[in-house]
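Chains, contacts and geometry: an overview
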Amino acid sequence: MLPHKEIELRLQQAAHAVLPAADVASVLVRPCPDPKFGDYQSAAIMSLAKAHKLNPRQLATEVVARLDVSSWCEKVEIAGAGFLNFRLRPDVLGAALESAARGEHLFFAKASQPRTVVVDFSSPNVAKPMHVGHIRSTILGDSLTRLLRLLGHRVVTDNHIGDWGTQFGMLLVGWKTMLDRAALERDAIAELERIYRAINAQCDANQPTYNAATHGAARAELVKLQQGDPENLALWREMIRLSQIQFDTIYGRLGVKFDHALGESFYNPRLPDIVAQLMAQSIARESEGAKCVFSDGTLPPKEDPFLIQRDGEWQPNPQLIQKRDGGYNYATTDLATIAHRLATWQPSEIVYVTDGRQQLHFQQLFATFRRWHPELAGRVKLAHVWFGSILGDDGKPLKTRTGENVKLADLLDEAEARAFQVVSEKNSALPEAERRAIARVIGLGAVKYADLLPNRQSDYVFNWDKILALNGNTAPYLQYAYARIQSIFRKGEIPKSEVGDPAVAIRLAAPEEIALARHLLNFGLALEAAAEEYRPNFICTYLFELASHFSRFFENCPVLKAEAADRARRLVLCELTARVLAQGLEILGIETVPNM
Ligand code: ARG
């Protein structure tokens, strides 16, 4: 077992011995933010003391008296109000590196209690191009999936494609009255978007382009589709097929796969029954001809998503589940989706990765679900993992020069083209095909990393030079650190087997070696923290620090030229750094190349 896991387990046992009634599952060990105080710390005893109304310092003293971690740590220190600080013994650091070098672990452990988690991400809309708003969902969702799977959880991914709704009334009118077949052959999504825009402009009563006849036609086509008209159904299917081709191309480029892609239309047959149940249970009621869920008054107004403050007063803020014309809403479909997922996969967690503008939708959805199925609500954690916008240099949402939404495919093309320039400048001697292959990995890596690095809830400014820089907190910098280590092994003509079974026990000597080794040991903690809060940016920060530790080590500690014992130990540090970098980047969906 890994040292931090051993310490955590002993600490839980000691806490249990002192306070048998306490729930010690939350007694966790975390990296110490300042190495001055040690390698790990725990604030858990203070929380336990608070929960049990005890003096924290005294509780800490009693727990420490029962705690024997002398096989791993120096004497445990109690600091401040009751923090525990742990410092690993140098031989423990060395032993952890040895077992990692032998391939027994890579500084992380699988979850002791694996969960089933459904991740709902990407979820683009049919007949509309995937734009940068969908890129964050795709990249974040994919990375969370990779992370949870690596930690041993069972993850079911489901792409909740927007393949139903009022836009199809307009698309059908457009298809029947103004479709340009040649344009459809060339670029189906662009043509679908063109006809959608043209008809949509005629259906918006607030626009000078409004045309009551077109508006009426769009409604009629939608009703026909909903009633199963064979012609409209066939056209609708064709639009889905054409869109799916484009989505799949992009997923292929990004290396993203889904277990399921149950679009909104899949849930259609279930919607009438859901509305009927919500009406029967008095969770929903009629309001101005529509059916809506209102507050049940059980929550304080500030926490109640069905209330909104207007002019200093709390007003109803209902969630629509059936429109006046009988059509169903986004929320109705989402309720059916939760029920289906629970019945099919029995998850203990469902995670939705979307834009921050959908926060109210999900707050209301989760609250409605808890009222609809109180018996299930306690068994599943519903989490909205939301994110901010990607901004241009002007601080406004990213647009093309002509003011259009940036299309994801164009963004990826540009990333590869720019990376090709960078690679060509550095390695003009490499054959072009090889430079293109490297540029693909670097360009895509740069875009993904740019998206994952900021705290997901903040907006970030997208800048090509910044994300492609070889020095800075970027994917190319981390990929370069990885390639540099590979070149050490190439230069020294060292077979990896020499590292896999270190002939000598590892006794770390230089301070830079110790700092690097400690950071390597924190990999698992970084992964756990990222999984707990659904924040891959913790992994970015960890990897950037790892590369920085490695740089300091490499500047101060000769490797190939060192005498035998130093050289063997330092090669292990190089190899393990490379493995952790590659594994960490893989969680972010980013590839590495041996040579840049
Ligand atoms: N299609 C939606 C959009 O593009 C996102 C769907 C998210 N998932 C869900 N279950 N509501 O905004």
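Scoring rules and cut-offs
- Residues numbered from 1 in each chain as written.
- Predicted model: local features only at pLDDT ≥ 70, side-chain atom pairs only at ≥ 80, totals over all residues.
- Heavy atoms only, no water.
- 1 Å grid on protein atoms, 1.4 Å probe; cavity = no way out; pocket = protein on both sides within 12 Å on 5 of 7 lines; lining within 4 Å.
- Points joined across faces, edges and corners; volume = space filled by probe spheres on them.
- Helix = DSSP H or I, 4+ residues; strand = E, 2+ residues; numbered from the N terminus.
- Nonpolar A, V, L, I, M, F, W, Y, C, P; charged D, E, K, R; others polar.
- Buried < 20%, exposed > 50% of the residue type's maximum accessible area, 1.4 Å probe, protein only.
- Pairing = 2+ DSSP bridges.
- Axes fitted to C-alpha atoms, helices over the stretch in contact; angles between N-to-C directions.
- Contact = heavy atoms within 4.5 Å.
- Near = heavy atom within 4 Å.
- Polar contact = N/O pair within 3.5 Å; in protein donor to acceptor, adjacent residues only side chain to side chain.
- Areas by Shrake-Rupley, 256 points an atom, 1.4 Å probe, with all protein chains shown as cover.

**Here's the deal with the layout of surface pockets**
Counted as a void, the second largest pocket has a volume near 830 Å³. Lys-5, Leu-28, Ala-111, Ser-112 and Glu-528 are the residues nearest the centre of the second largest pocket, which is lined by 23 residues in total. Broken down by secondary-structure element, the contributors of at least two residues to the lining of the second largest pocket are α1 (3–18) and α21 (523–533). Among the elements that line the lining of the second largest pocket, the one with the most residues is α1, at four residues. A breakdown of the residues in the lining of the second largest pocket according to their chemical character gives nine nonpolar, five polar and nine charged.

**As for the environment of Gln-244**
Among the secondary structure elements, Gln-244 is positioned in helix α10 (residues 230–254). A relative accessible area of 24% means that Gln-244 is categorised as partly exposed.

**Some details on empty space enclosed by the protein**
Per the stated rule, a full pass over the model turns up one cavity of 30 Å³ or more. Here the largest cavity is characterised by a volume of approximately 50 Å³. Lining of the largest cavity is provided by Val-422, Val-423, Lys-426, Asn-427, Ile-442, Leu-470 and Met-596. The element best represented in the lining of the largest cavity is helix α15 (residues 408–426), accounting for three residues. For the lining of the largest cavity, the residue count by class is five nonpolar, one polar and one charged.

**Observations regarding the sheet that holds strand β7 (residues 284–287)**
Strand order in the open sheet formed by three strands is β7-β8-β11, and the pairing between neighbours is antiparallel. At either end of the open sheet lies a strand with only one pairing partner, and these are β7 and β11 (319–322). Neighbour-to-neighbour, the strand axes of this sheet turn through a mean angle of 45°, independent of strand direction. Of the pairings in the sheet, the one linking strand β8 (residues 290–293) to β11 comprises three bridges and is antiparallel in character. Within the sheet, the bridge partner assigned to Cys-292 lies in β11 and is Leu-320. On the sheet, helix α11 (residues 271–280) packs against β7, β8 and β11 and is oriented at approximately 95° with respect to β7. In this fold helix α13 (residues 359–372) packs onto β8 and β11, with an angle of close to 65° to the strand it touches most, β11.

**Points about the sheet that holds strand β3 (residues 77–79)**
Remark on secondary structure: sheet strands pair via backbone hydrogen bonds, oriented parallel or antiparallel. With antiparallel pairing, the four strands of this open sheet are ordered in space as β1-β2-β4-β3. A single partner strand is all that each edge strand has here, and the edge strands are β1 (30–31) and β3. In the sheet, strand β2 (residues 40–42) pairs with strand β4 (residues 83–86) via three bridges, with the strands oriented antiparallel. Paired with Tyr-40 across the bridge in β4 is Phe-86.

**A few points about the site of the ligand**
Lining the immediate environment of the ligand, one finds Asp-120, Ser-123, Asn-125, His-134, His-160, Tyr-330, Asp-334, Tyr-352, Thr-354, Gln-358 and Phe-362. In the model, a nitrogen atom of the ligand is placed 2.9 Å from a nitrogen or oxygen of the Ser-123 main chain. Between the ligand and the protein, one listed contact pairs a nitrogen atom with a side-chain N or O atom of Tyr-330 at 2.8 Å. Computed on the free molecule, the ligand has an accessible area of 350 Å², of which 88% lies beneath the protein chains in the complex. Going through the elements one at a time, α12 (330–345) and β12 (349–355) are the ones with two or more residues in the shell around the ligand. Across the shell around the ligand, the residue classes break down as three nonpolar, six polar and two charged.

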